[in-house]
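# Commentary on secondary and tertiary structure
Now for the letters of each chain:
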Amino acid sequence: MQWKLSGCTIFITGASRGIGKAIALKAAKDGANVVIAAKTTQAHPKLPGTIYTAAEEIKAAGGKALPCVVDVRDEQQINNAVEKAVEKFGGIDILVNNASAISLTNTLETPTKRVDLMMNVNTRGTYLTSKACIPYLKNSKIAHILNLSPPLNLNPLWFKQHCAYTIAKYGMSMCVLGMAEEFKGEIAVNALWPKTTIHTAAMDMLGGSGIKRQCRKVDIIADAAYCIFKKPKSFTGNFIIDENILKEEGIKNFDVYAIAPGHPLIPDFFLDEQPDTTKKMESHGAIPELKEETLQPPPKPRSGAVEETFRIVKDSLSDDVVKATQAVYQFELSGEDGGTWFLDLKSKGGNVGYGEPSDRADVVMSMSTDDFVKMFSGKLKPTMAFMSGKLKVKGNMALAIKLEKLMNQMNAKL
């Protein structure tokens, strides 16, 4: 008989939408009981879905649902939901710690409120939800905790741009490390992370709607999670990448998971897919190289692809663009035709040029001239460049994302 989750109870945090809901629906098809522990009771204009709409979908898919209002920062709400789940379904077999908060901002740009939110939702929320479920998981034959968190990669690259987010996310992974050992033989505790970015409403908010084509569907995570739940309790303390476990299951065609099959995908954070390129980029944008460049007097007539790109950008500027953006961008370009350039979208009509801007830059972007030209002509997505280490960003991340939207409008002309 084929293994199924029929009659099992799965407690999922943040299951009203996205990855959490996808895992819930996959389990529901087997006839599982799903506890939707999330805080959305009313739909957000940009993030559709509530615990009640998710419950309807789970029932329609063949499962039983228990929607519970849970903000994982509140221990009492967690405990209440666990009690309700045990009362209704008689126990808990699987816990999925999916609830997460993200802010890809550097140290000086991350308000304390945002730091607290990430630490409290990601690390503390995972810890407290696990703590509340463990006594019941110990009585289960299946007994799995799955955290949606990355492998612990101590490459400084992953701390540099968003230190607080990395610490908060790694806190979830450290729970895997500790609890797998602490409850060995009783509960399997593992982490699951995607190889490429996954398309969710939150991802649209982070990277703009254009990012969708470079992502995979949530189904890949749901299928990978299902493979993990099938494993015995002895399968514990693992940091699993979705694609790898599915390959082990014999899946060869990953196009079925792509939003746009054949389109290049963005590798996800915390995975050193191309350590060589990253190292090369580090030395490519190294400060001494830039200092040498800026010490040389700028040649009077500047020609080449960078100059041409800025000329086209200048022609595309308007008062509307300036009004909508309100930011000054500085580009530190290494390689031929490099040096310091700026794009001023604060002063009337906007301005571009060689050298430093007259006002302090809100965002400083460092990259090679080749990648800069590719980025402005639409051949290289800024998000892709940032995630693979080709683009380094200092300053206001929200304004950096605004520039990406602007580039999408300009691509037609470049």
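Everything that follows concerns the structure shown earlier in this document.
The structure displayed is predicted, hence computed values, not measured ones.

## A short note on the pattern of salt bridges
Considering all chains together, one arrives at 13 salt bridges under this definition. The salt bridge partner of Lys-21 is Glu-57, with a shortest N-O separation of 3.0 Å. Of this pair, Lys-21 sits in helix α1 (residues 18-28) while Glu-57 is found in helix α2 (residues 51-60), placing the two residues 36 residues apart along the sequence. Across the pair Arg-216 and Glu-243 runs a salt bridge whose closest N-O atoms are separated by 2.9 Å. Separated by 27 residues along the polypeptide, Arg-216 in the loop between α7 (201-207) and α8 (219-229) and Glu-243 in helix α9 (residues 242-248) bring together distant segments of the chain. Using a relative accessible area of 8% as the deciding quantity, one classes Glu-243 as buried. Among the charged side chains, a salt-bridge network with shared partners connects Lys-195, Arg-216, Glu-243 and Lys-247.

## Some words on the packing of α1 against α2
Closest axis-to-axis distance for the α1/α2 pair is 8 Å, and the angle between their directions is 25°. Considered as vectors, α1 and α2 are oriented roughly parallel to each other. In the crossing of α1 with α2, the sense of the turn from one axis to the other is right-handed. Contacts from Lys-21, Ala-24, Leu-25 and Ala-28 in α1 reach Ala-54, Glu-57 and Ile-58 in α2. Counted by class, the contact of α1 with α2 contains five nonpolar, no polar and two charged residues.

## Considerations on the environment of Asp-204
Summarising the element assignment, Asp-204 is placed in helix α7. The partly exposed category is assigned to Asp-204, whose relative accessible area is 26%. Taking the C-alpha atoms as reference points, Asp-204 and Leu-47, separated by 157 residues in sequence, lie 9.5 Å from one another.

## Regarding the packing of aromatic side chains
Each aromatic ring pair is described using two quantities: the centre-to-centre distance and the angle formed by the ring planes. Overall, the coordinates contain 15 aromatic pairs when judged by the stated rule. With a centroid separation of 4.8 Å and 5° between ring planes, the pair formed by Phe-310 and Trp-341 is classed as stacked. Of this pair, Phe-310 sits in helix α12 (residues 305-316) while Trp-341 sits in strand β9 (residues 339-345), and the two are 31 residues apart along the sequence. Ring centres of Phe-310 and Phe-372 lie 5.1 Å apart, and the angle between their planes is 25°; this geometry places the pair in the stacked category. You can see Phe-310 sitting in helix α12 and its partner Phe-372 sitting in helix α14 (residues 369-376), a full 62 residues away along the chain.

## Some words on the sheet that holds strand β4 (residues 94-97)
Taken in spatial order, the seven strands make up an open sheet running β3-β2-β1-β4-β5-β6-β7, and their pairing is parallel. The outermost strands of the open sheet, each flanked by one partner alone, are β3 (64-69) and β7 (239-241). Sheet twist, expressed as the average angle between the axes of neighbouring strands with direction ignored, equals 20°. Across four bridges, the pairing between β4 and strand β5 (residues 144-147) is parallel. If you follow Leu-95 over to β5, its bridge partner there is Ile-145. The sheet strands contacting helix α3 (residues 75-89) are β1 (9-13), β2 (33-38) and β3, and the helix crosses β3 at an angle near 160°. Contacting β1, β4 and β5, helix α4 (residues 112-137) crosses the sheet at an angle of about 175° to β4.

## Brief notes about empty space enclosed by the protein
A full pass over the atoms with the stated rule returns three cavities of 30 Å³ or more. Looking at the largest cavity, its volume works out to about 100 Å³. Surrounding the largest cavity, Leu-157, Trp-158, Lys-160, Gln-161, His-162, Phe-269, Phe-386, Met-387, Gly-389, Leu-391 and Lys-392 form its lining. Secondary-structure elements contributing two or more residues to the lining of the largest cavity are α5 (157-160) and α15 (382-387). In terms of residue count, the dominant contributor to the lining of the largest cavity is α5 (three residues). Looking at the lining of the largest cavity residue by residue, the class counts come to six nonpolar, three polar and two charged.

## What to know about the sheet that holds strand β8 (residues 327-334)
The strand order across the open sheet formed by five strands is β10-β9-β8-β11-β12, and the pairing between neighbours is mixed. In the strand order of this sheet, the two ends are held by β10 (351-354) and β12 (392-395), each with one partner. For this sheet, the mean inter-axis angle between neighbouring strands, taken without regard to orientation, is 15°. Bridge count for β8 against β9 is seven bridges, and the pairing is antiparallel. Bridge assignment links Phe-331 to a residue of β9, and that residue is Trp-341. Strand contacts of α12: β8, β9 and β10, with the helix running at about 5° to β9, the strand carrying the most contacts. Strands in contact with α14 are β8 and β11 (363-368); relative to β11, the strand with the most contacts, it is inclined by about 115°.

## Some remarks on the pairing of β3
Both β2 and β3 contribute to a ladder of six bridges, which runs parallel. If you follow Ala-38 over to β3, its bridge partner there is Val-69. Following the chain from β2 across α2 to the adjacent parallel β3, one finds a crossover that is right-handed.

## A short note on a nonpolar patch on the surface
A cluster of nonpolar residues, Leu-152, Met-174 and Leu-177, forms a patch on the protein surface that exposes about 280 Å² of accessible area. Mapping Leu-177 onto the fold places it in helix α6 (residues 163-182). By relative accessible area, Leu-177 is classed as partly exposed at 48%.

Parameters at a glance
Residues numbered from 1 in each chain as written. Predicted model: local features only at pLDDT ≥ 70, side-chain atom pairs only at ≥ 80, totals over all residues. Heavy atoms only, no water. Salt bridge = Lys/Arg side-chain N within 4 Å of Asp/Glu carboxyl O. Helix = DSSP H or I, 4+ residues; strand = E, 2+ residues; numbered from the N terminus. Buried < 20%, exposed > 50% of the residue type's maximum accessible area, 1.4 Å probe, protein only. Axes fitted to C-alpha atoms, helices over the stretch in contact; angles between N-to-C directions. Parallel < 35°, antiparallel > 145°, perpendicular 65-115°, else oblique. Left-handed = near helix turned anticlockwise from the far one by under 90°. Contact = heavy atoms within 4.5 Å. Nonpolar A, V, L, I, M, F, W, Y, C, P; charged D, E, K, R; others polar. Phe/Tyr/Trp six-rings, centres within 6.5 Å; stacked < 30°, edge-to-face > 60°. Pairing = 2+ DSSP bridges. 1 Å grid on protein atoms, 1.4 Å probe; cavity = no way out; pocket = protein on both sides within 12 Å on 5 of 7 lines; lining within 4 Å. Points joined across faces, edges and corners; volume = space filled by probe spheres on them. Right-handed = clockwise from strand over helix to strand, strands pointing away. Patch = residues over 30% accessible without salt bridge, like charges linked within 9 Å, V, L, I, M, F, W, Y side chains within 5 Å. Areas by Shrake-Rupley, 256 points an atom, 1.4 Å probe, with all protein chains shown as cover.

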